[in-house]
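# A look at the structure
Okay, here's what each chain looks like letter by letter:
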Amino acid sequence: MSYNINEKGYYGEFGGAYIPEMLYPNIEELRQKYLTITADPSFQEDFHQLLKDYVGRPTPLYFAKRLSEKYNTKIYLKREDLNHTGAHKINNTVGQILLAQRLGKTRIIAETGAGQHGVATATVCALMGIECIVYMGEVDIARQAPNVARMKMLGAKVVPALSGSRTLKDATNEAMRDWINNPVNTHYIVGSVVGPHPYPDMVARFQAIVSEEIKSQLLEKEGTENPDYLIACVGGGSNAAGTYYHYLDNEEVKLIAVEAAGKGIDSGESAATSVLGKEGIIHGSKTLLMQTQDGQITEPYSISAGLDYPGVGPMHANLYKTGRAEFIAITDDEAMTAGLELSQLEGIIPAIETSHALAVFEHKKFKPDDVIVLNLSGRGDKDLQNYIDYFKL
Ligand SMILES: *Cc1c(COP(=O)(O)O)cnc(C)c1O
């Protein structure tokens, strides 16, 4: 049994491409070409060159000595926070911009909630001199002003989504509409392992550089490629997919996925998608999502803007359903405390998304000789105001 995607575009029963007829040509073009284009040696050469010289890879695998002492186990941090633009998202946007160029596309669209994916997209569009339009809910534009400013500075056009709750899902609808109207010259850069096939697989492959590096770095430090545990936070699931990728079918390596419980799983204000979700279709993919009895998508909540997505990628839905990964839900308060702790034990201020993953050590006891790799998915600069307000610093 494999936990990776099958040739029909499914992880177990999850995935597929449930799209309006009018999007079919775009998705089909991508599906037919993404594997051959990305396997081409010239693509691989350009991709790895940019990851090295522009993004700053390989990112270090850092043994967190004081954190390990505190929890009496061996904790390594995979430092995705040190990437250009401050998180793992750039691994994917670099891959997709190179793909878009080879597809002959001259215009890029994207949607963004917190703005991190918008910034990563605007960055690679500036790098390549390609027009960039980012859809963003009007409410999010007001909430995330610094990232809106960054996108504009980078030359992108930020278009407000004015319908519905004026947040991420409405921005996604606008981006889809744009793509339907501009199928020939436009590529849609999706920011996580979500959306219709082939997006979840394509994004997972671009993020797989993370587990590829973990294998060789851990071999050097511990004499084995295999940790006992891999830990990552899950919004849509891309940093977790990258962390797990080369270990998916190696069941000696245990996987832990951390979701945002918000104010508590049963509080009605949460983003614990797997635990609370039911099967349904969101953004073109069959997966687990938070919905009401009659199938209306529930507005998610988390203190972390990058985790409050009502669905989860199909790979993760399958990891949950099969029990391959253990899912742990962490509240706002637990995450904030863990973020402050890492800052003061290791001198690293993590993104609040990542702080959720770090809070696992208060939740679960590990053995002294367990080797754990945790994906430090992003840096906390963007969240400073949140930390300051929360702790009254
Ligand atoms: C966007 C983001 C996430 C959540 O997205 P995934 O696709 O689940 O990885 C997590 N951490 C950081 C730092 C982010 O910017």
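In short, a report on the structure. Given the structure is predicted, the values throughout are model-derived calculations rather than measurements. (Residues numbered from 1 in each chain as written. Predicted model: local features only at pLDDT ≥ 70, side-chain atom pairs only at ≥ 80, totals over all residues. Heavy atoms only, no water.)

Once that is clear, we can look at empty space enclosed by the protein. Going through the model one piece at a time under the given rule, you end up with 1 cavity of 30 Å³ or more. Estimates place the volume of the largest cavity at around 30 Å³. Along its surface, the largest cavity is lined by Asn26, Glu29, Leu30, Leu103, Lys105, Trp179, Thr186 and His187. Looking at which element gives the most residues to the lining of the largest cavity, the answer is helix 1 (residues 24-39), with 3 residues. Split by residue class, the lining of the largest cavity holds 3 nonpolar, 3 polar and 2 charged. (1 Å grid on protein atoms, 1.4 Å probe; cavity = no way out; pocket = protein on both sides within 12 Å on 5 of 7 lines; lining within 4 Å. Points joined across faces, edges and corners; volume = space filled by probe spheres on them. Helix = DSSP H or I, 4+ residues; strand = E, 2+ residues; numbered from the N terminus. Nonpolar A, V, L, I, M, F, W, Y, C, P; charged D, E, K, R; others polar.)

With that settled, the discussion passes to the sheet that holds strand 6 (residues 131-137). Two orientations exist for strands paired in a sheet by backbone hydrogen bonds: parallel and antiparallel. Pairing is parallel in the open sheet, where 4 strands are placed in the order 7-6-5-8. Unpaired on one side and paired on the other, strand 7 (157-161) and strand 8 (186-188) mark the two borders of the sheet. Put simply, the sheet's adjacent strands are angled 25 degrees from each other on average, direction ignored. Pairing analysis gives 3 bridges linking strand 5 (residues 107-112) to strand 8, with the strands arranged parallel. (Pairing = 2+ DSSP bridges. Axes fitted to C-alpha atoms, helices over the stretch in contact; angles between N-to-C directions.)

Attention now moves to the site of the ligand. Taken together, 16 residues form the shell around the ligand, and within it Lys89, Ser192, Gly235, Gly237 and Ser238 come nearest. Serine 238 is positioned such that a nitrogen or oxygen atom in its side chain is 2.7 Å from an oxygen atom of the ligand. Asparagine 239 is positioned with one of its backbone polar atoms (N or O) 2.8 Å from an oxygen atom of the ligand. With the chains in place, 97% of the 380 Å² that the ligand exposes on its own is no longer accessible. A per-class count over the shell around the ligand returns 3 nonpolar, 11 polar and 2 charged. (Near = heavy atom within 4 Å. Polar contact = N/O pair within 3.5 Å; in protein donor to acceptor, adjacent residues only side chain to side chain. Areas by Shrake-Rupley, 256 points an atom, 1.4 Å probe, with all protein chains shown as cover.)

Here we take up the packing of helix 2 (residues 41-55) against helix 4 (residues 89-102). Where helix 2 contacts helix 4, the two axes come as close as 10 Å, and the packing angle between them is 140 degrees. By the angle class used here, helix 2 and helix 4 are oblique. Note that helix 2 runs across helix 4; the crossing there is right-handed. Note on element contacts: helix 4 touches helix 2 through Ile90, Asn91, Val94, Gly95, Leu98, Leu99 and Arg102, opposite Ser42, Phe43, Asp46, Phe47, Leu50, Leu51 and Val55. Per-class residue counts for the contact of helix 2 with helix 4 are 9 nonpolar, 3 polar and 2 charged. (Parallel < 35°, antiparallel > 145°, perpendicular 65-115°, else oblique. Left-handed = near helix turned anticlockwise from the far one by under 90°. Contact = heavy atoms within 4.5 Å.)

A few words now on the sheet that holds strand 3 (residues 61-63). Within the open sheet, the 6 strands sit side by side as 3-4-14-9-10-13. Their pairing is mixed. Two strands close off the open sheet at either side, each with one partner strand: strand 3 and strand 13 (325-331). Adjacent strand axes in the sheet meet at a mean angle of 25 degrees, parallel and antiparallel pairs treated alike. Of the strand pairs in this sheet, strand 9 (residues 229-233) and strand 14 (residues 371-375) are connected by 3 bridges, and their pairing is parallel. Across the sheet, the residue bridging to tyrosine 229 is isoleucine 372, located in strand 14. Sheet strands in contact with helix 14 (residues 332-346) are strand 3, strand 4 (74-78), strand 10 (254-262) and strand 13, and its direction is about 95 degrees off that of strand 13.

Bringing the packing of aromatic side chains into the picture now. Applying the stated criterion across every chain, the model contains 12 aromatic pairs. Taking 6.1 Å as the distance between ring centres and 20 degrees as the angle between the ring planes, the aromatic pair formed by phenylalanine 43 and phenylalanine 206 counts as stacked. You can see phenylalanine 43 sitting in helix 2 and its partner phenylalanine 206 sitting in helix 9 (residues 199-207), a full 163 residues away along the chain. Of the two residues, phenylalanine 43 and phenylalanine 206, neither departs from the other in class, the shared state being buried. Between tryptophan 179 and tyrosine 188, the aromatic rings sit 5.7 Å apart at their centres with planes inclined by 85 degrees, giving edge-to-face as the arrangement. With a relative accessible area of 3%, tryptophan 179 lands in the buried category. Grouped by ring-pair contacts, the aromatic residues Tyr71, Tyr229, Phe361 and Phe366 constitute a single cluster. A cation over a ring is seen here: lysine 254 above tyrosine 229, with NZ or CZ 4.8 Å from the ring centre. Directly above the ring of tyrosine 301 sits lysine 263, whose terminal nitrogen or CZ lies 5.1 Å from the centroid. (Phe/Tyr/Trp six-rings, centres within 6.5 Å; stacked < 30°, edge-to-face > 60°. Buried < 20%, exposed > 50% of the residue type's maximum accessible area, 1.4 Å probe, protein only. Lys NZ or Arg CZ within 6 Å of the ring centre and 35° of its normal.)

To find leftover empty space, a probe the size of one water molecule is rolled over the atoms. By volume, the second largest pocket amounts to about 250 Å³. If you trace the second largest pocket, you find 15 residues lining it, with Gln44, Phe47, Arg205, Phe206 and Ala208 closest to the centre. Here the lining of the second largest pocket takes 4 residues from helix 2, the largest share from any one element.

Of note, the bond from arginine 57 into proline 58 is cis; its omega dihedral lies within 30 degrees of zero at -5 degrees. Mapped onto the secondary structure, proline 58 falls in the loop between helix 2 and strand 3. With omega at 15 degrees, the peptide bond leading from histidine 197 into proline 198 counts as cis. The residue proline 198 is located in the loop between strand 8 and helix 9 in this model. Backbone geometry places arginine 166, a non-glycine residue, at a positive phi of 55 degrees. The exposure class of arginine 166 is partly exposed, given its relative accessible area of 33%.

So, about the pattern of salt bridges. Side chains that differ in charge, positive against negative, can pair when their charged atoms come close. Taken as a whole and judged by the stated rule, the model has 26 salt bridges. For arginine 79, the salt bridge goes to aspartate 81, with nearest N and O atoms at 2.9 Å. Each member of the pair, arginine 79 as well as aspartate 81, is classed as buried. Where lysine 263 meets glutamate 269, a salt bridge forms, and the shortest distance between an N and an O atom there is 3.6 Å. We classify glutamate 269 as partly exposed; its relative accessible area is 33%. (Salt bridge = Lys/Arg side-chain N within 4 Å of Asp/Glu carboxyl O.)

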